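# Descriptive analysis of the structure
If you want the building blocks of each chain, they are given just below.
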Amino acid sequence: MQYVYIAVIGLHVMAGVFWAGTTIAVGRDPDIRAERFFRPQMGAAGLAFLTGFLLWYFFHEGAFGSMEKVLTLGILTALIAAGVQGALVGSASRQLAGADAASQTELRAKMTRGERIAGGLLVITVLCMATAKMF
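Keep in mind that what you see is a predicted model, and the values were worked out from it rather than measured.

### Notes on the packing of helix H3 (residues 66–96) against helix H4 (residues 101–131)
Running from N to C, H3 and H4 cross one another at 165 degrees; their axes reach a closest spacing of 8 Å. Between H3 and H4, the crossing angle belongs to the class labelled roughly antiparallel. For the pair H3 and H4, the crossing hand works out as left-handed. In terms of residue class, the contact of H3 with H4 is built from 22 nonpolar, 10 polar and 3 charged.

Structure representation (C-alpha coordinates):
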(Lines give C-alpha, C1' and ligand atoms only; values in the text may rest on other atoms or scores of the structure.)
Protein backbone atom coordinates (compact mmCIF):
# COMPACT_ATOMS: atom_id res chain seq x y z
CA MET A 1 0.00 0.00 0.00
CA GLN A 2 2.91 2.33 0.63
CA TYR A 3 3.69 2.35 -3.11
CA VAL A 4 0.19 3.69 -3.78
CA TYR A 5 0.81 6.56 -1.36
CA ILE A 6 4.14 7.34 -3.02
CA ALA A 7 2.60 7.31 -6.49
CA VAL A 8 -0.36 9.49 -5.48
CA ILE A 9 1.87 11.99 -3.65
CA GLY A 10 4.22 12.11 -6.63
CA LEU A 11 1.39 12.76 -9.07
CA HIS A 12 -0.11 15.39 -6.77
CA VAL A 13 3.18 17.26 -6.41
CA MET A 14 4.05 17.08 -10.12
CA ALA A 15 0.60 18.26 -11.23
CA GLY A 16 0.62 21.06 -8.66
CA VAL A 17 4.12 22.20 -9.58
CA PHE A 18 3.23 22.30 -13.27
CA TRP A 19 -0.05 24.14 -12.67
CA ALA A 20 1.39 26.73 -10.28
CA GLY A 21 4.65 27.12 -12.18
CA THR A 22 3.12 27.70 -15.59
CA THR A 23 0.45 29.98 -14.13
CA ILE A 24 3.06 32.19 -12.48
CA ALA A 25 5.33 32.17 -15.55
CA VAL A 26 2.53 33.02 -17.98
CA GLY A 27 1.24 35.72 -15.64
CA ARG A 28 4.64 37.39 -15.49
CA ASP A 29 5.23 37.56 -19.24
CA PRO A 30 2.32 38.82 -21.37
CA ASP A 31 4.19 37.77 -24.53
CA ILE A 32 3.69 34.10 -23.64
CA ARG A 33 0.51 32.92 -25.31
CA ALA A 34 -1.65 31.91 -22.36
CA GLU A 35 -4.13 30.07 -24.59
CA ARG A 36 -1.46 27.46 -25.39
CA PHE A 37 -1.13 26.60 -21.70
CA PHE A 38 -4.78 26.75 -20.66
CA ARG A 39 -5.76 23.13 -21.40
CA PRO A 40 -2.63 21.57 -19.87
CA GLN A 41 -3.04 23.82 -16.82
CA MET A 42 -6.64 22.74 -16.34
CA GLY A 43 -5.62 19.11 -16.83
CA ALA A 44 -2.94 19.50 -14.16
CA ALA A 45 -5.47 21.24 -11.91
CA GLY A 46 -7.88 18.34 -12.33
CA LEU A 47 -5.16 15.81 -11.56
CA ALA A 48 -4.06 17.85 -8.52
CA PHE A 49 -7.64 17.92 -7.20
CA LEU A 50 -8.17 14.20 -7.83
CA THR A 51 -4.94 13.13 -6.16
CA GLY A 52 -5.50 15.67 -3.38
CA PHE A 53 -8.88 14.09 -2.70
CA LEU A 54 -7.21 10.68 -2.48
CA LEU A 55 -4.54 12.02 -0.13
CA TRP A 56 -7.21 13.56 2.10
CA TYR A 57 -9.00 10.19 2.13
CA PHE A 58 -5.78 8.31 2.96
CA PHE A 59 -4.41 10.62 5.64
CA HIS A 60 -7.06 13.04 6.93
CA GLU A 61 -10.43 11.30 6.88
CA GLY A 62 -12.31 11.78 10.13
CA ALA A 63 -9.93 14.41 11.48
CA PHE A 64 -10.31 18.18 11.32
CA GLY A 65 -7.61 19.78 13.42
CA SER A 66 -5.48 22.82 12.72
CA MET A 67 -3.54 21.01 9.98
CA GLU A 68 -6.74 20.20 8.11
CA LYS A 69 -7.93 23.80 8.48
CA VAL A 70 -4.75 25.07 6.81
CA LEU A 71 -5.10 22.45 4.07
CA THR A 72 -8.73 23.49 3.57
CA LEU A 73 -7.62 27.10 3.06
CA GLY A 74 -5.17 25.85 0.42
CA ILE A 75 -7.88 23.80 -1.26
CA LEU A 76 -10.25 26.77 -1.34
CA THR A 77 -7.64 29.08 -2.85
CA ALA A 78 -6.83 26.42 -5.47
CA LEU A 79 -10.52 26.07 -6.34
CA ILE A 80 -10.84 29.84 -6.68
CA ALA A 81 -7.67 29.92 -8.83
CA ALA A 82 -9.13 27.28 -11.15
CA GLY A 83 -12.37 29.26 -11.35
CA VAL A 84 -10.51 32.47 -12.16
CA GLN A 85 -8.52 30.74 -14.87
CA GLY A 86 -11.67 29.22 -16.32
CA ALA A 87 -13.59 32.48 -16.23
CA LEU A 88 -10.90 34.85 -17.45
CA VAL A 89 -8.37 32.80 -19.40
CA GLY A 90 -10.73 30.15 -20.75
CA SER A 91 -13.41 32.54 -21.93
CA ALA A 92 -10.89 34.94 -23.49
CA SER A 93 -9.02 32.15 -25.28
CA ARG A 94 -12.27 30.90 -26.84
CA GLN A 95 -13.03 34.42 -28.13
CA LEU A 96 -9.50 34.93 -29.43
CA ALA A 97 -9.86 32.98 -32.68
CA GLY A 98 -12.36 35.28 -34.36
CA ALA A 99 -11.17 38.57 -32.88
CA ASP A 100 -9.52 41.46 -34.72
CA ALA A 101 -6.10 42.83 -33.67
CA ALA A 102 -7.47 45.38 -31.18
CA SER A 103 -9.74 42.82 -29.55
CA GLN A 104 -6.91 40.30 -29.39
CA THR A 105 -4.82 42.78 -27.40
CA GLU A 106 -7.65 43.26 -24.91
CA LEU A 107 -8.27 39.52 -24.67
CA ARG A 108 -4.58 38.80 -24.09
CA ALA A 109 -4.53 41.43 -21.33
CA LYS A 110 -7.56 39.73 -19.77
CA MET A 111 -5.80 36.35 -19.92
CA THR A 112 -2.65 37.78 -18.35
CA ARG A 113 -4.71 39.36 -15.56
CA GLY A 114 -6.43 36.02 -14.95
CA GLU A 115 -3.10 34.18 -14.81
CA ARG A 116 -1.71 36.76 -12.36
CA ILE A 117 -4.70 36.50 -10.04
CA ALA A 118 -4.64 32.71 -10.21
CA GLY A 119 -0.87 32.70 -9.67
CA GLY A 120 -1.23 34.71 -6.47
CA LEU A 121 -3.90 32.34 -5.22
CA LEU A 122 -1.75 29.33 -6.07
CA VAL A 123 1.15 30.82 -4.10
CA ILE A 124 -1.17 30.82 -1.07
CA THR A 125 -2.14 27.23 -1.90
CA VAL A 126 1.49 26.10 -2.07
CA LEU A 127 2.30 27.85 1.21
CA CYS A 128 -0.66 26.14 2.89
CA MET A 129 0.33 22.71 1.60
CA ALA A 130 3.98 23.19 2.55
CA THR A 131 3.34 24.48 6.08
CA ALA A 132 0.15 22.65 7.12
CA LYS A 133 2.04 20.06 9.14
CA MET A 134 3.56 22.79 11.32
CA PHE A 135 0.18 23.93 12.64
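### Overview of the nonpolar core
Counting residues in hydrophobic clusters, the biggest one holds 13 residues, and the most contacted among them are Trp19, Ala81 and Leu122. Contributing elements (two or more residues each) for this core: helix H1 (2–28), helix H2 (34–59), H3 and H4. Of all hydrophobic cores here, the second largest spans 9 residues; its members include Ala34, Ala92, Leu96 and Met111.

### Overview of H2
With 26 residues, H2 should reach 38 Å at 1.5 Å per residue; the first-to-last C-alpha distance of 35 Å fits that figure. Looking only at H2, the buried set comprises Ala34, Phe38, Gln41, Ala44, Ala45, Ala48, Thr51 and Leu55. Buried residues along H2 sit in contact with H1, H3 and H4.

Parameters and conventions
- The numbering scheme is per chain: residues are counted from 1 as the chain's sequence reads.
- Totals for whole chains, interfaces and linings use every residue, but because this is a predicted model, local features are given only for residues with pLDDT of at least 70 and side-chain atom pairs only at 80 or more, for both listing and counting.
- Hydrogens and water are ignored here; the side-chain numbers use all heavy atoms of the structure.
- Between N-to-C directions, angles cover 0 to 180 degrees, with each direction set by a line fitted to C-alpha atoms, over the stretch in contact for helices.
- Helical segments are the DSSP runs of H or I of at least four residues, strand segments are the runs of E of at least two, and each set is numbered from the N terminus.
- An angle below 35 degrees is treated as roughly parallel, one above 145 as roughly antiparallel, one from 65 to 115 as roughly perpendicular, and anything else as oblique.
- For any pair of crossing helices, the crossing counts as left-handed if the nearer helix is rotated counterclockwise from the farther one by less than a right angle, and right-handed if it is rotated clockwise.
- In this classification, Asp, Glu, Lys and Arg are treated as charged, Ala, Val, Leu, Ile, Met, Phe, Trp, Tyr, Cys and Pro as nonpolar, and every other residue, Gly included, as polar.
- Side-chain atoms within 4.5 Å link the members of a nonpolar core, which is a set of buried Ala, Val, Leu, Ile, Met, Phe, Trp, Tyr and Cys residues.
- Exposed residues in this analysis have more than 50% of their type's maximum accessible area, buried residues have under 20%, and partly exposed residues fall in between, with area computed by a 1.4 Å probe over protein chains only.
- Here, expected helix span is obtained from the residue count minus one, scaled by 1.5 Å.
- Whether two residues are in contact is decided by their heavy atoms, any of which lying within 4.5 Å being enough.

Interpretation in functional terms is not warranted from these geometric data alone.
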